[in-house]
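# Structural overview for review
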Amino acid sequence: MAEPSRKPDVSLPPPPAVAPPRGGDRDFLVHLEAYLARRDGVDKLLKISRYAAKIALSAPSSPIPPALAPRLKAFESSVGLSRKAFRLGKFVQDLNALRAATGGALNPTDRLLAAVAYGGEGVYYFVEQFVWLSKAGLIPAELSRRFQKISAWAELIGYFGSVALKARELRKISSLIQSRIESGKSADCDEEIRKLRTKLLLKQLSVIQDLADGLMALGDVRDGEGFLSSSLLMASAGLLSALISTHKNWTSC
């Protein structure tokens, strides 16, 4: 009996590597591919879309036609649910960061703040998985409110620890820059100062991002009462946080 003929291998060859342009700058599409391959990259683009829609809906003189507003609201809600699904398992990242921080060479104060920061954020991401499951209909919807309250408190505690830890890091970087300036002028010293100042700027932006996210978490904890009831304020804080994080991820990938 004749053996059946084998099917030809029709798998496509890997795409050729794109040569980097002259001047050392990375090709935009290659950079964009690397950015979109990151979980955080896609998540922050979704975050920008969501809070831009929220701003358009909550602006006092919004140009959105009345017929478009319900569809934009449905889009915003859908993107919010998609972000929760996309962050499935992200708490493991905080778990590993917590292990590295508590087992490293940090002083007791930094170790405590790192535990608060990574622990709070890890609990937030873990509980948010159940919020997603309740909104998706897999578990009873009445549990969603309880899960959201727990995740909001965990997120707020995590941002408190993160801001406190980064504030200490800012002081250390500023002191290091000052000491390098006082040590004298040289080409190597100037380059080191430039790198330290860039690091300082990124750390400052990271603190602003955490403060904006912490403001939204505080609004969730207080159920939007008082001045936190402004949907435009909350949406603006979310968009600011998303833009800073997008810039940070774009430059690092």
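Higher on the page you've got the structure.
I will try to describe carefully the structure that is included in this document. (Residues numbered from 1 in each chain as written. Predicted model: local features only at pLDDT ≥ 70, side-chain atom pairs only at ≥ 80, totals over all residues. Heavy atoms only, no water.)

### Observations concerning the overall build of the chain
Stated precisely, the cut-off is as follows: Helix and strand definitions here come from DSSP, where helices need a minimum of 4 consecutive H or I residues and strands a minimum of 2 consecutive E residues; each element is numbered from the N-terminal end. Residue exposure (1.4 Å probe, protein chains only): buried if accessible area is under 20% of the type maximum, exposed if over 50%, otherwise partly exposed. The contact definition used throughout considers only heavy atoms, calling two residues in contact when any of these lie within 4.5 Å. Surface accessibility in these figures is a Shrake-Rupley result with a 1.4 Å probe; residues are shielded only by whichever protein chains are displayed.
Check the secondary structure of the chain and you find eight helices and zero strands. Each of the 253 residues in the chain was classed as buried or not, and the buried ones make up 30%. Within the chain, contacts between residues at least 6 apart in sequence are counted, and of these 69% link residues at least 24 apart. In the form shown here, the chain has an accessible surface area of approximately 15800 Å², with 63% of it arising from carbon and sulfur atoms.

### Re the packing of helix α1 (residues 28–36) against helix α8 (residues 231–252)
This is how the line gets drawn: Between N-to-C directions, angles span 0 to 180 degrees; the directions come from axes that are lines fitted to C-alpha atoms, helices contributing only their stretch in contact. Here is the rule for handedness: rotate from the far helix to the near one, and if that takes an anticlockwise turn smaller than a right angle the crossing is left-handed, while a clockwise turn gives right-handed. Residue classes follow a fixed rule: Ala, Val, Leu, Ile, Met, Phe, Trp, Tyr, Cys and Pro count as nonpolar, while Asp, Glu, Lys and Arg count as charged, and any other residue, Gly among them, counts as polar.
Their axes nearest at 9 Å, the elements α1 and α8 cross at an angle of 115°. As α1 packs across α8, the resulting crossing turns out to be right-handed. For the pair α1 and α8, contact is made by Phe28, His31, Leu32 and Tyr35 and by Thr246, Asn249 and Trp250, respectively. Its residues assigned to classes, the contact of α1 with α8 shows four nonpolar, three polar and no charged.

### Notes on the packing of aromatic side chains
Note the following rule: Between 30 and 60 degrees the pair is tilted, below 30 it is stacked and above 60 it is edge-to-face, where a pair is any two Phe, Tyr or Trp rings, Trp via its six-membered ring, whose centres lie within 6.5 Å.
On inspection of all chains with the given rule, the structure shows six aromatic pairs. Here the aromatic rings of Tyr124 and Tyr125 are separated by 5.1 Å at their centres, their planes lie at 50°, and the arrangement is tilted. Taken individually, Tyr124 and Tyr125 each receive the classification buried, so the pair is uniform in this respect. With a centroid separation of 5.4 Å and an interplanar angle of 70°, the aromatic rings of Phe126 and Phe130 are classed as edge-to-face. Within this pair, Phe126 and its partner Phe130 are both found in helix α5 (residues 108–136), separated by four residues, close to a single helical turn. Under the relative-accessibility criterion, Phe126 is labelled partly exposed at 38%.

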